[in-house]
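Below are the chains, spelled out letter by letter.
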Amino acid sequence: MTAAAATLALAGVRIALPGRVLVDGLDLVVDAGRCVTLMGPSGCGKSTLLAFIAGSIDPPFQAHGRVEVGGVDVTAWPPERRRIGILFQDDLLFPHMSVGGNLAFALPPTLADRAARRAAVANALAEADLAGFEHRDPATLSGGQRARVAVMRTLLAAPRALLLDEPFNKLDAQLRADFRRFVFEHARERALPVLLVTHDEADARAAGGTVVTLGA
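For clarity, every value in this text was computed on a predicted model and none was experimentally measured.

Rules used throughout
- Residues numbered from 1 in each chain as written.
- Predicted model: local features only at pLDDT ≥ 70, side-chain atom pairs only at ≥ 80, totals over all residues.
- Heavy atoms only, no water.
- Pairing = 2+ DSSP bridges.
- Helix = DSSP H or I, 4+ residues; strand = E, 2+ residues; numbered from the N terminus.
- Axes fitted to C-alpha atoms, helices over the stretch in contact; angles between N-to-C directions.
- Contact = heavy atoms within 4.5 Å.
- 1 Å grid on protein atoms, 1.4 Å probe; cavity = no way out; pocket = protein on both sides within 12 Å on 5 of 7 lines; lining within 4 Å.
- Points joined across faces, edges and corners; volume = space filled by probe spheres on them.
- Nonpolar A, V, L, I, M, F, W, Y, C, P; charged D, E, K, R; others polar.

Engineer: Can you help me understand the sheet that holds strand β8 (residues 194–197) in this one?
Structural biologist: Across a sheet, strands are paired by hydrogen bonds formed along the backbone, either parallel or antiparallel in direction. The strand order across the open sheet formed by 5 strands is β6-β7-β8-β3-β9, and the pairing between neighbours is parallel. Because the sheet does not close on itself, it has two edges, and the strands there are β6 (84–87) and β9 (211–213). Along the sheet, successive strands turn relative to each other by an average axial angle of 20°, direction set aside. Bridge analysis of strand β3 (residues 35–39) against β8 gives 4 bridges, and the strand direction is parallel. Directly across from Thr37, in β8, lies its bridge partner Leu196. Each of β6 and β7 (161–165) touches helix α5 (residues 143–156); the most contacted strand, β6, lies at about 170° to it. In this fold helix α6 (residues 173–189) packs onto β3, β7 and β8, with an angle of close to 165° to the strand it touches most, β7.

Quick look at the structure:
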């Protein structure tokens, strides 16, 4: 499943804690199929900014500004309506569901036909080189396999933008390079605007786009 190409735009974003400003007046545009990387020291607000964009910022933070997806202001929308996917360091697969169940969970309710849902899951697994893994327990997968399932689950929800909160951080060097390539290739194929948070300059080089440094 795919979504229409869109841009992700931020305008005048300010994020603060009582007595401390983390992000002040940030304007940013991420074009469809492109990636912008956010870097900066720990605690400067990178992950908090992603949470604001996704609509899930914690109450202690005060956030102002505008988030637009495809030219539409989604700032006041709940997370589930924004259609913004996010990947974290942990894969967050549901342990009580099979691999296929994890993927099917992300499918929109408008895809009600059982055969179509099974086909969507099978196609996603094939894209991830995991064909036939529908009935596997996530606990039996390697770290790299779990990471690929997490990506495909996010993409099956047909997001219009993708946020990456250090999803490569826990992988060893070779697996990290392979997984980076997997994520960026699938995002480009779907023309998704991507916003990446990382401390690793190799991630930024692989993303190949603009680097914005927060807290500088």
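Engineer: Please clarify how the layout of surface pockets should be interpreted in this entry.
Structural biologist: Empty space among the atoms can be located by rolling a probe the size of a water molecule over them. In this model, the largest pocket occupies a volume close to 940 Å³. If you go around the largest pocket, you meet 37 residues; those closest to its centre are Gly85, Ile86, Leu87, Phe88 and Thr154. With 6 residues, α5 is the single largest residue contributor to the lining of the largest pocket. Class assignment for the residues of the lining of the largest pocket results in 21 nonpolar, 7 polar and 9 charged. Counted as a void, the second largest pocket has a volume near 170 Å³.

Shape is all these values report; function is a separate question.
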